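The chain contents come next:
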Amino acid sequence: MPRPTIPDRRDTLLDVAERLVLDRGFDAMSVQSVADAAGVSKGGVYREFAGKHELLDAVLQRSTARLGERVDALTAHLPRPVPLSALYRAGVEALLDDPLMSAAMLDDRAVLGEHVRAVGPERYRARFRWITGHIEELRAAGHVRADVDPEAVSLALSSVTIGLLSASALIGPLTPEQLRAALGVVADLVRVGIDAGASGGTGDSGVGPDAEASRAASRTHDDQEAP
């Protein structure tokens, strides 16, 4: 007897695949296990995706879009362009709330398994180029100090973020609150040392409205999360 048609089959398969990857890891996930959990035939999965790697690629693409939407929501009330420090803080908040994207940031083999090797280093390079290009745009618009090297800033922020996200494996378990506090320190260092017009920078004297808005946004977000 044929299985009943499932509305929004593609989204259902993506939801199931994301859950299985987080629960079991990519290597233990199979097309059959996704089909069984979604209540469709194996052929139904193949009608949407060529295989398990393509399925995970689609899951990661959806998660990346979701991450961007979360960052947009966290920075919606800030002036445009959003200061680098506020953008970094919002990006970290969104990343910490998304276990799949955190695993992707770290290339966590316990979660992504052989997919890490199959995809190769180009994803890192593309991410690095995007961050560098965004910092260049902010500098050209006068929102980042004119004397900073966008590539160096991009490398420093990426390295610090990866290091802090992997810190639990090196120094012992860390709570999300501890990670947020540490990454918040990095955002404050960016505000003081890199954002144009912040105290300690070489731009306009004083803190500047953008930096003050960033701090206000951080305080508001922290207040919302307090028990």
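Bear in mind that the values here come from a model prediction, so they are computed numbers and not experimental data.

The rules behind each value
- Residues numbered from 1 in each chain as written.
- Predicted model: local features only at pLDDT ≥ 70, side-chain atom pairs only at ≥ 80, totals over all residues.
- Heavy atoms only, no water.
- Axes fitted to C-alpha atoms, helices over the stretch in contact; angles between N-to-C directions.
- Helix = DSSP H or I, 4+ residues; strand = E, 2+ residues; numbered from the N terminus.
- Parallel < 35°, antiparallel > 145°, perpendicular 65-115°, else oblique.
- Left-handed = near helix turned anticlockwise from the far one by under 90°.
- Contact = heavy atoms within 4.5 Å.
- Buried < 20%, exposed > 50% of the residue type's maximum accessible area, 1.4 Å probe, protein only.
- Expected span 1.5 Å × (residues − 1).
- Patch = residues over 30% accessible without salt bridge, like charges linked within 9 Å, V, L, I, M, F, W, Y side chains within 5 Å.
- Areas by Shrake-Rupley, 256 points an atom, 1.4 Å probe, with all protein chains shown as cover.
- Salt bridge = Lys/Arg side-chain N within 4 Å of Asp/Glu carboxyl O.
- Lys, Arg positive; Asp, Glu negative; His and termini not counted.
- Charge placed at Lys NZ, Arg CZ, Asp CG, Glu CD.
- Core = buried A, V, L, I, M, F, W, Y, C linked by side-chain atoms within 4.5 Å.

Draft legend 1. View of the packing of helix α10 (residues 150-165) against helix α12 (residues 176-193). Taken N-terminus to C-terminus, the directions of α10 and α12 make an angle of 165 degrees; their axes are 10 Å apart at the nearest point. With respect to their mutual orientation, α10 and α12 come out roughly antiparallel. The interaxial crossing formed by α10 with α12 has right-handed handedness. Only Leu179, Ala182, Leu183, Val186 and Val190 of α12 make contact with α10, whose side of the interface consists of Leu157, Val160, Thr161 and Leu164.

Draft legend 2. Here's a closer look at the side chain of serine 158. Relative to the helices and strands, serine 158 resides in helix α10. Under the relative-accessibility criterion, serine 158 is labelled buried at 15%. Setting aside anything within four residues of it in sequence, one finds serine 158 in contact with Met105 and Ile131.

Draft legend 3. Main features of helix α4 (residues 52-74). Its 23 residues give α4 an end-to-end C-alpha distance of 33 Å, which sits within 8% of 33 Å, the value for a rise of 1.5 Å per residue. All buried positions along α4 are accounted for by Lys52, Leu55, Leu56, Ala58, Val59, Leu60, Ser63, Leu67, Val71 and Leu74.

Draft legend 4. Looking closely at a negative patch on the surface. A cluster of acidic residues, Glu136, Glu137, Asp149 and Glu151, forms a negative patch at the surface. Topologically, glutamate 137 is positioned in helix α9 (residues 122-140).

Draft legend 5. Quick look at the nonpolar core. Counting 30 residues, the largest nonpolar core has Leu84, Tyr88, Val153, Leu157 and Ile194 as its most contacted members. Contributions of two or more residues to this core are made by α4, α5 (84-96), α6 (99-106), α9, α10 and α12. When residues of this core are assigned to their parent elements, the largest contribution, 9 residues, is made by α5. Setting aside residues no more than four positions away along its own chain, valine 153 makes contact with Leu84, Ile135, Val148 and Ile194. With 26 residues, the next largest nonpolar core counts Leu13, Val45, Val111 and Leu112 among its residues.

Draft legend 6. Focus on the environment of arginine 145. The residue arginine 145 is located in the loop between α9 and α10 in this model. The class of arginine 145 is buried, set by a relative accessible area of 17%. Between the alpha carbons of arginine 145 and aspartate 195 there is a distance of 6.0 Å; along the sequence they are 50 residues apart.

Draft legend 7. Spatial organisation of the pattern of salt bridges. Taken as a whole and judged by the stated rule, the model has 12 salt bridges. A salt bridge links aspartate 98 to arginine 66; the nearest nitrogen and oxygen atoms lie 3.0 Å apart. One end of the pair, aspartate 98, is in the loop between α5 and α6; the other, arginine 66, is in helix α4, and 32 residues separate them in sequence. With a closest N to O distance of 2.5 Å, arginine 180 and aspartate 97 form a salt bridge. Highlighted residues: arginine 180 in helix α12 and aspartate 97 in the loop between α5 and α6, separated in sequence by 83 residues. Assessed through its relative accessible area of 15%, arginine 180 is described here as buried. Owing to a relative accessible area of 39%, aspartate 97 belongs among the partly exposed residues under this scheme. One continuous salt-bridge network, built from bridges that share partners, spans Asp15, Glu18, Arg62, Arg66 and Asp98.

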